[in-house]
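# Coordinates in review
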Amino acid sequence: MIKKILFLFFVVFAATAYSQDVTITGTVTDANSEPLVGVNVLVKGTTTGAITDIDGNFSVSGKKGSTLVFSYIGMLTQEVVYKGTALRVVMKDDSKALEEVVVIGYQTVKKSDLTGAVAVVDTKEMKKSAAGTLVSQMQGLATGINVRSSGRAGEDASIEIRGVGSLSNNSPLWVIDGMITDPGVDFNPADAESIQILKDASAAAIYGSRGSNGVVLITTKRGQEGRATVSYNGYYGWQTVSKKIDMLNAYEYADLVNDARNNTYTDKMESINRKLIAQNKNPLSFDISDSNAIRLQNTSNDYNTIVPVEILPYLRGEKGLVDTDWQDEIFRTAGMQSHSVSVSGGSPKIRYYASVDYLSQEGVIINSDFTRYSSRFNLDVTEGIFKFGL
């Protein structure tokens, strides 16, 4: 009996010891055995994690058999199971990200070969925005780019690259499919295939002084070889003012005006009485309850001291008087909708892309609506060594 109890005790003790947390340590390096600093280390299925130090070392609390997830910008995420010994993890480059092609003026290069300051806007992320214009949808999707919008329907946002560099014009140069033009509010954001932003001096080297504020390169969608493909993108939503200014109502405003006129009357009378006393004359008696007639008599017709007759009913608290909240009168819950249909396809020699777009945006202020109709047609024809485009 005693042997059975001892055996059961050791089994329970072993299971408890196994389930206790241990300190997991290790080192993270790249393919050249150089330590990586700032690698995120997370125990899978928990919120426990750590970051590697300058020597690539890390220490995190976990259990034997735990799976550790290692992630680092530009490298593939790895999962490693802890088996009781110190870990040595070698991170591998994300070749897919490095092979991404970027347009820079006269040519396209791989991201891994890029040396200039170029920001790439993810057009897929742009689709998540309900903003009506291209620039507004770019907001927050590229580093070093300042996009400001008033939120007014139909008004394009302003964009600044590298901050304010001039007292006059700080707008960048826009190049759409090789043509220098401003997309404005009439450009359909759904037609953009890729967007690159040249931010450094190389922009001026290619485009001259016009590119001194940076260059935004837009490549629109083209037809792909194959059967015709029809795509639809649309949404319907509402806009409203998130917070209105806390204003006085008509009765509160009447009290404010009354206090202001009483203060003016008091200051005026005190000034008059000081002059009378200096002349050895008796001061005038007054009170804020004096009628307008008495106030004009005491102040020699100073109309700034009288209480306007139009606010007297409000001061008496009469019911049913005009009390308009002008914010409620001009603001509204505004609807907006967008519908875009595109068709693309073609053969080895002829490829086409066509799209039509409709945007209707009501402004949150009445009589500030915006409506846009736009269309685009791209045609690519290849015949031998010749290639034509439209």
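Placed above this text is the structure.
Rules used throughout
Residues numbered from 1 in each chain as written. Predicted model: local features only at pLDDT ≥ 70, side-chain atom pairs only at ≥ 80, totals over all residues. Heavy atoms only, no water. Helix = DSSP H or I, 4+ residues; strand = E, 2+ residues; numbered from the N terminus. Buried < 20%, exposed > 50% of the residue type's maximum accessible area, 1.4 Å probe, protein only. Contact = heavy atoms within 4.5 Å. Areas by Shrake-Rupley, 256 points an atom, 1.4 Å probe, with all protein chains shown as cover. 1 Å grid on protein atoms, 1.4 Å probe; cavity = no way out; pocket = protein on both sides within 12 Å on 5 of 7 lines; lining within 4 Å. Points joined across faces, edges and corners; volume = space filled by probe spheres on them. Nonpolar A, V, L, I, M, F, W, Y, C, P; charged D, E, K, R; others polar. Phe/Tyr/Trp six-rings, centres within 6.5 Å; stacked < 30°, edge-to-face > 60°. Salt bridge = Lys/Arg side-chain N within 4 Å of Asp/Glu carboxyl O.

Another aspect to go through is the overall build of the protein. Per the secondary structure count, the protein includes 9 helices and 21 strands. A burial count over the protein gives 32% of its 390 residues as buried. Across the protein, the fraction of contacts at a sequence separation of at least 24, relative to all contacts at a separation of at least 6, is 58%. A total of about 24,500 Å² of accessible surface is found on the protein, and carbon and sulfur atoms cover 55% of it.

Here the focus is the layout of surface pockets. In this model, the second largest pocket occupies a volume close to 290 Å³. Together, 14 residues line the second largest pocket, and Leu248, Asn249, Thr324, Asp325 and Trp326 are the ones closest to its centre. Those elements giving two or more residues to the lining of the second largest pocket turn out to be helix H6 (250–278) and helix H9 (326–330). Grouping the amino acids of the lining of the second largest pocket by side-chain chemistry returns 8 nonpolar, 3 polar and 3 charged.

Per the counting criterion, the structure on display carries 5 aromatic pairs. Arranged with centres 5.2 Å apart and planes meeting at 85 degrees, the rings of Tyr236 and Trp238 form a pair that is edge-to-face. On the basis of relative accessible area, Trp238 is assigned to the exposed category, the value being 62%.

Turning our eyes to something else, we now look at the pattern of salt bridges. Applying the stated rule across the entire model yields 13 salt bridges. With a shortest N-O distance of 2.7 Å, Glu160 and Arg148 are connected by a salt bridge. On the criterion of sequence distance, the pair formed by Glu160 in strand E12 (residues 158–161) and Arg148 in strand E11 (residues 145–148) is long-range, its members being 12 residues apart. Taking the shortest distance from any N to any O, the salt bridge between Arg376 and Asp191 comes out at 3.6 Å. Separated by 185 residues along the polypeptide, Arg376 in strand E20 (residues 370–383) and Asp191 in the loop between strand E14 (179–180) and strand E15 (192–198) bring together distant segments of the chain.

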